[in-house]
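Listed below are the residues making up each chain.
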Amino acid sequence: MSQPKIAALIVAAGSGTRAGGALPKQYQQLAGKPMLAHSAQTLVNHPAISNVLVVISSEHEDLYTLDVPYSHGGKERQDSVRLGLEALAKHAPDYVLIHDAARPFLSTTVIDNIVAALGNDAVIPALSVADTIRTRDGATIDRNTLLRIQTPQAFPFAKILELHQKNKIAATDDAELWLQAGGKIVYVEGEERNRKMTTAEDMRMPITKIGMGYDVHKLIDGDAIILGGVKIPHTKKLEGHSDADVVLHAIVDAILGALGEGDIGVHFPPSDTKWKGADSAKFVEHVRDLLAQKHATLNHLDVTIICEAPKITPHREAMRTRIAQLLGTDISAISVKATTTEGLGFTGRGEGIAAQAVATVSIA
Ligand code: CTP
Ligand code: MG
C-alpha cells in the first residue's frame, strides 16, 4: 500500500452532563472556541488525513457550527462509533483514527506518531502512570503494569467496522473490542495535554489578561523624587496628593486594569485625606492582596518611565528589586525601562514625569 487512505472519526454525540454548564461540554467555550472546534482542528489540518467525520447527537444540530461533515450518533459511545464508521464506509478508507471530542488538545505529534506506526495492528496512544495506585480495599497495584489509554485510536478500517457491527459488549474505548477479538496493539506515546475533559474543573482553563496603566505628576522645586519606591536625590520633587510615585501608580493601574477593578482613584480617592502624602507602596500592597483574593498571578510587568532627568539607569535594579518585593514576585517578572522625549512636550521641558506600565495576569 503506497499511499494509504486515512480517515478520522470524532465522536461528539454524548450528553456531556458530568461537566455541568448550560451547554453539553463539547459545545462549551474552551480557550477561545468550542471544545469540539479544538478537537477537530488538528485532525482536519493533518496532511495524512483525507476525510474527517464528526458524529453528533440529533439533539445538538443547532449547536453544531463547524465546517466539517457530520452524521448522527446513538445512545452509547459505541453506538456512535458504529454509526460513524458506517457513514465513513462510502469513502472506503484503509485506516480510521477514532477520536473523542472530549480530548480537545490533541497534537500533530501524536497523529504523526500514530500514522507512522499504521500496519495490521491497532495503534493506540498511551501514557504511563506516575501516581501510586491503590484499590479502595487497600491493595497497591504495580503502576508499571498500567497504561493510561488515550484517543485517537487507529485501526484498519474494514476490521474495526466489522467488530463494531458484530459486538455489542459495553466498552469505553475501541481497543477493547480489538483486544477481545485477539487483535494486537502497537502503543505510541500519548501526551498529558491530550487529557479527557470530564468535569467542570477540567473545563476551567487559566486565562491571561492584560492591563495597562499611565500616570503623570508635575515636577516642582525640591531635593528628591520617589520613583518605583526608590528615593532619588534631585533638584526637583514630584507634586501630588500621595508621594506622587508615578511608577508605582502606573503599576497599580495596570494590575487593576488586568483584574477589571477600576483605577487607583476608585480604590484610593484623592478626596480622602487618609492618602495625603501616603507611601505609594501601600497602593501596591493593596493590588497584591487583590490578586491573591481573585486567585490571579502576576506573570509579568513592564514599565516605561518618560523623563529627561534624573537618569534612571543607575536606579533601575533598585526599582526592580523594590517592586518585586512589594508584589511578592521574582525580579525576573519586573522590567523597568526609561526614555526621554528628545526635549519635546511637558516631559521634554522637565515640567513633569510620566510612566506607563503593562501587566499580564493569569487567572485560574
Ligand atoms: N459519545 C458519543 N455518543 C454517546 C456517548 C458519548 O459520541 N452516546 C462521545 C462523547 O461526546 C465524548 C466521548 O464519546 O466525546 C467520550 O464520552 P464522555 O467523555 O463520557 O462524554 P459524554 O458521554 O458526553 O459525557 P458524560 O458522560 O459526562 O455525559
Ligand atoms: Mg459518557
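The structure we're discussing is the one just above.
1. Some details on the overall build of the protein
Moving on, step 1. For the protein, the count of helices and strands is 11 helices and 19 strands.
Moving on, step 2. Computed over the C-alpha atoms, the radius of gyration of the protein is 30 Å, more than 25% above the 21 Å expected from 2.2 N^0.38 for a compact globule of 364 residues.
Moving on, step 3. With the C-alpha coordinates aligned to their principal axes, the bounding extent of the protein is approximately 90 × 50 × 40 Å.
Moving on, step 4. When each of the 364 residues of the protein is scored for burial, the buried share is 46%.
Moving on, step 5. Within the protein, contacts between residues at least 6 apart in sequence are counted, and of these 70% link residues at least 24 apart.

2. Things to note about the site of ligand 1
Moving on, step 1. With respect to spatial proximity, 19 residues lie near ligand 1, and among them Gly16, Arg18, Lys75, Ser80 and Lys196 are the closest.
Moving on, step 2. Take lysine 75: an N or O atom from its main chain is 2.7 Å from a nitrogen atom of ligand 1.
Moving on, step 3. Contact with the protein chains covers 88% of the free accessible surface of ligand 1, which is 560 Å².
Moving on, step 4. Mapped onto the shell around ligand 1, the elements with two or more residues apiece are β1 (6-12) and α2 (77-88).
Moving on, step 5. Here the residues of the shell around ligand 1 sort into five nonpolar, seven polar and seven charged.

3. What to know about the side chain of arginine 82
Moving on, step 1. Along the chain, the position of arginine 82 falls in helix α2.
Moving on, step 2. For arginine 82, a relative accessible area of 17% translates into the label buried.
Moving on, step 3. Those residues in contact with arginine 82, other than ones at most four positions away along the chain, are His164, Gln165 and Lys168.

4. Let's talk about the nonpolar core
Moving on, step 1. Leu227, Ile251, Ile305, Ile323 and Leu327 are the most contacted members of the largest nonpolar core, which has 48 residues in total.
Moving on, step 2. Contributing elements (two or more residues each) for this core: β14 (224-227), β15 (230-233), α7 (246-259), α9 (281-293), β17 (296-306), α10 (316-327), β18 (334-339) and β19 (352-363).
Moving on, step 3. With 11 residues, α7 is the single largest residue contributor to this core.
Moving on, step 4. With residues up to four places along the chain from it excluded, the contact list for leucine 227 reads Ile232, Leu238, Asp245, Val246, Val247, Ile305, Ile312, Met319 and Ile353.
Moving on, step 5. With 25 residues, the next largest nonpolar core counts Ile10, Leu106, Val110 and Ala154 among its residues.

5. Some remarks on the pattern of salt bridges
Moving on, step 1. Counting across every chain of the model gives 11 salt bridges.
Moving on, step 2. Lysine 75 is the salt-bridge partner of glutamate 76, the closest N and O atoms lying 3.5 Å from each other.
Moving on, step 3. For lysine 75, a relative accessible area of 73% puts it in the exposed group.
Moving on, step 4. A salt bridge links arginine 288 to aspartate 289, with the nearest nitrogen and oxygen atoms 3.5 Å apart.

The rules behind each value
- Residues numbered from 1 in each chain as written.
- Chains lettered and ligands numbered in written order.
- Predicted model: local features only at pLDDT ≥ 70, side-chain atom pairs only at ≥ 80, totals over all residues.
- Heavy atoms only, no water.
- Helix = DSSP H or I, 4+ residues; strand = E, 2+ residues; numbered from the N terminus.
- Rg over C-alpha atoms; globule rule 2.2 N^0.38 Å.
- Buried < 20%, exposed > 50% of the residue type's maximum accessible area, 1.4 Å probe, protein only.
- Contact = heavy atoms within 4.5 Å.
- Near = heavy atom within 4 Å.
- Polar contact = N/O pair within 3.5 Å; in protein donor to acceptor, adjacent residues only side chain to side chain.
- Areas by Shrake-Rupley, 256 points an atom, 1.4 Å probe, with all protein chains shown as cover.
- Nonpolar A, V, L, I, M, F, W, Y, C, P; charged D, E, K, R; others polar.
- Core = buried A, V, L, I, M, F, W, Y, C linked by side-chain atoms within 4.5 Å.
- Salt bridge = Lys/Arg side-chain N within 4 Å of Asp/Glu carboxyl O.

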